[in-house]
Amino acid sequence: MARRRIGLIGYGDVSVVHIGAIEAIEGLELVGIADVDPAARERAAADTGLPTFASAEELIDALGPDAVHVTTPHDQHVGPSLAALERGVHVLQEKPLAHTLAEGERLVEALAAVSAPRADGGAGAPKVAICFQNRYNRGDQEPHRPLASGDLGAVRGAYASVVWSRTAEYYAAKPWRGRWETAGGGSLINQAIHTLDLVQWSLGPVERSEGLVSQKKFSGVVETEDTADLVLHHASGITTTFYATLTAPVARPVEIEVETDNAYLEVRSGAVGGLTVRWKDGRVDSFSDRVATAGGRSYWGVSHEELIRDFYAGLDSEGPFWIGPAEAMDSLRILKAAYRNSGVGN
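Structure report, in brief. As the structure is a prediction and not an experimental result, all values here were calculated from the model. (Residues numbered from 1 in each chain as written. Predicted model: local features only at pLDDT ≥ 70, side-chain atom pairs only at ≥ 80, totals over all residues. Heavy atoms only, no water.)

Concerning the sheet that holds strand β7 (residues 155-163)
Then, number 1: The eight strands are arranged β8-β9-β10-β7-β11-β12-β13-β14 in an open sheet whose pairing can be described as mixed. Of all the strands in the sheet, the pair left with one neighbour each is β8 (206-214) and β14 (284-288). Going across the sheet, the axis of each strand differs from the next one's by a mean of 10°, ignoring polarity.
Then, number 2: Note that strand β13 (residues 274-279) and β14 share five bridges and pair antiparallel. Bridging from a neighbouring strand, arginine 278 pairs with valine 284 of β14. (Pairing = 2+ DSSP bridges. Helix = DSSP H or I, 4+ residues; strand = E, 2+ residues; numbered from the N terminus. Axes fitted to C-alpha atoms, helices over the stretch in contact; angles between N-to-C directions.)

Structure representation (structure tokens):
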């Protein structure tokens, strides 16, 4: 793989995972960090010894990186990504695609419109990846092929849950997390979006949803929801019962369960995750997830590094990265529909 020079936009919590992956993957070099917060720039300079900048534009114009990783708060995702595309620079952006549907569409349209050669002289348009890294978890990948091919028999229905724990201190530390204007939502867009993505990726498009979001624990602390009770209606005719909450005393593993004619699938994600297939004839197959090598919290999943490695391995190939802005719109539409049904959100 050709050597790639990388800029990091946003020196917050999840940036440690991206820095760890960049350091672990041969051929990648982190060359600079940008953040709108002077205190964050000061920490970044002290921690890494790299030059820091106040904006994505300043970093890109000064250093000319091959790609940037965007790890900013939700409402600051699209701006840096658009700035990079305008300069012919590849983008690897954290989820969600955007904090609003309109902002997400801006990035989808901008990528579609890019056709000029890259600024560095490389062939083809810049690529954009959105970090739905759990698609690289073994426990989530293993059932995808047989579900798609029909080897497991017809799907009868599914259940998914994200039962995690948050505190008032969590929101006080980063106030943008609990505001519609900056986060675009609460538990669905910030925590459960990965599971929404996996459900629609494995079981097919969601045409509509029923149910509501609500505040069970953090009313008066934040504007956004901490709990969601939904039924997702897939285009195939099946439904997924979906539950997400941040009110538990401790975080449970993420659960996805699928009933088919021939088997019952149980997917667990977290510090120790994987897939168990319980066949109707009595057989049981188990697949364990990989162990994370990059730093970070266990509930972020184990596969950031796998997605990042795959993204850079394919930069010189034709065609877009397989989890791009258009693909990432699907989960954003699902959760925004749940907010509209509940009369909240932006």
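Brief notes about helix α3 (residues 56-63)
Then, number 1: Burial in α3 covers these residues: Ala56, Leu59 and Ile60. Down the axis, α3 shows its buried residues gathered within 95° of arc, on one side only. Exposed residues lying more than 90 degrees from the buried face of α3 are Asp61 and Ala62.
Then, number 2: Those residues of α3 that are buried lie in contact with β1 (4-9), β2 (28-34), β3 (52-53), β4 (67-70) and α4 (78-86).
Then, number 3: Directly beyond the C-terminal end of α3, a positive phi value near 55° is found at glycine 64. (Buried < 20%, exposed > 50% of the residue type's maximum accessible area, 1.4 Å probe, protein only. Arc of directions from axis to C-beta. Contact = heavy atoms within 4.5 Å.)

Examining the pairing of strand β9 (residues 227-234)
Then, number 1: Burial analysis of β9 places six of its eight residues in the buried class, the great majority of the element.
Then, number 2: Sheet topology note: the β8/β9 ladder contains eight bridges and is antiparallel. Directly across from glutamate 210, in β9, lies its bridge partner valine 231.
Then, number 3: Relative to strand β10 (residues 239-245), β9 runs antiparallel, the two sharing seven bridges. Opposite threonine 227, over in β10, you have threonine 245 as the bridge partner.
Then, number 4: Linkage of β9 to β10, two consecutive antiparallel strands, is achieved through a turn of four residues, within which glycine 237 is found at a positive phi near 105°.

Points about the sheet that holds β3
Then, number 1: Ordered by their spatial adjacency, six strands build an open sheet running β3-β2-β1-β4-β5-β6, and the pairing between neighbours is parallel. What marks the edges here is a single partner per strand, and that holds for β3 and β6 (128-131).
Then, number 2: The strands touched by α3 within the sheet are β1, β2, β3 and β4, with β2 carrying the most contacts at an inclination of about 135°.

Topic: the packing of aromatic side chains
Then, number 1: Evaluated as defined, the whole model comprises seven aromatic pairs.
Then, number 2: Judged by centre distance (4.9 Å) and plane angle (80°), the ring pair of tyrosine 170 and tyrosine 171 falls under edge-to-face. Accessibility classification places tyrosine 170 together with tyrosine 171 in one group, the buried group.
Then, number 3: When the centroid spacing of 5.8 Å and the interplanar angle of 55° are considered together, the rings of tryptophan 201 and tryptophan 322 count as tilted. Pair noted here: tryptophan 201 is in helix α11 (residues 193-203) and tryptophan 322 is in the loop between α12 (304-313) and α13 (325-342), with a separation of 121 residues, a long-range link. (Phe/Tyr/Trp six-rings, centres within 6.5 Å; stacked < 30°, edge-to-face > 60°.)

Observations concerning the nonpolar core
Then, number 1: Counting 92 residues, the largest nonpolar core has Val68, Leu188 and Phe242 as its most contacted members.
Then, number 2: If one sorts the elements of this core by residue count, α13 sits on top with seven residues.
Then, number 3: Setting aside its immediate chain neighbours within four residues, leucine 188 contacts Ile193, Leu196, Val213, Glu225, Ala228, Leu230, Phe242, Ala244, Leu335, Ala338 and Tyr339. (Core = buried A, V, L, I, M, F, W, Y, C linked by side-chain atoms within 4.5 Å.)

Things to note about the pattern of salt bridges
Then, number 1: Applying the stated criterion to the full structure yields 23 salt bridges.
Then, number 2: In this structure, the salt-bridge partner of glutamate 29 is arginine 3, at a minimum N-O distance of 3.7 Å. Placement of the pair is glutamate 29 in strand β2 and arginine 3 in the segment before β1, with a sequence separation of 26 residues.
Then, number 3: The class of arginine 3 is exposed, set by a relative accessible area of 53%.
Then, number 4: With a closest N to O distance of 3.3 Å, arginine 333 and glutamate 105 form a salt bridge. Taken together, the residues span a long stretch of sequence, with arginine 333 in helix α13 and glutamate 105 in helix α5 (residues 101-113) at a distance of 228 residues. (Salt bridge = Lys/Arg side-chain N within 4 Å of Asp/Glu carboxyl O.)

A few points about the packing of α11 against α13
Then, number 1: Running from amino to carboxyl end, α11 crosses α13 at an angle of 110°, the nearest separation of the two axes being 9 Å. Regarding the angle of α11 to α13, the classification is roughly perpendicular. Seen from above, α11 lies across α13 with right-handed handedness. Between α11 and α13, the residues in contact are Ile193, Leu196, Asp197, Gln200 and Trp201 and Glu327, Asp330, Ser331, Ile334 and Leu335, respectively.
Then, number 2: Class assignment of the residues belonging to the contact of α11 with α13 gives a composition of five nonpolar, two polar and three charged. (Parallel < 35°, antiparallel > 145°, perpendicular 65-115°, else oblique. Left-handed = near helix turned anticlockwise from the far one by under 90°. Nonpolar A, V, L, I, M, F, W, Y, C, P; charged D, E, K, R; others polar.)

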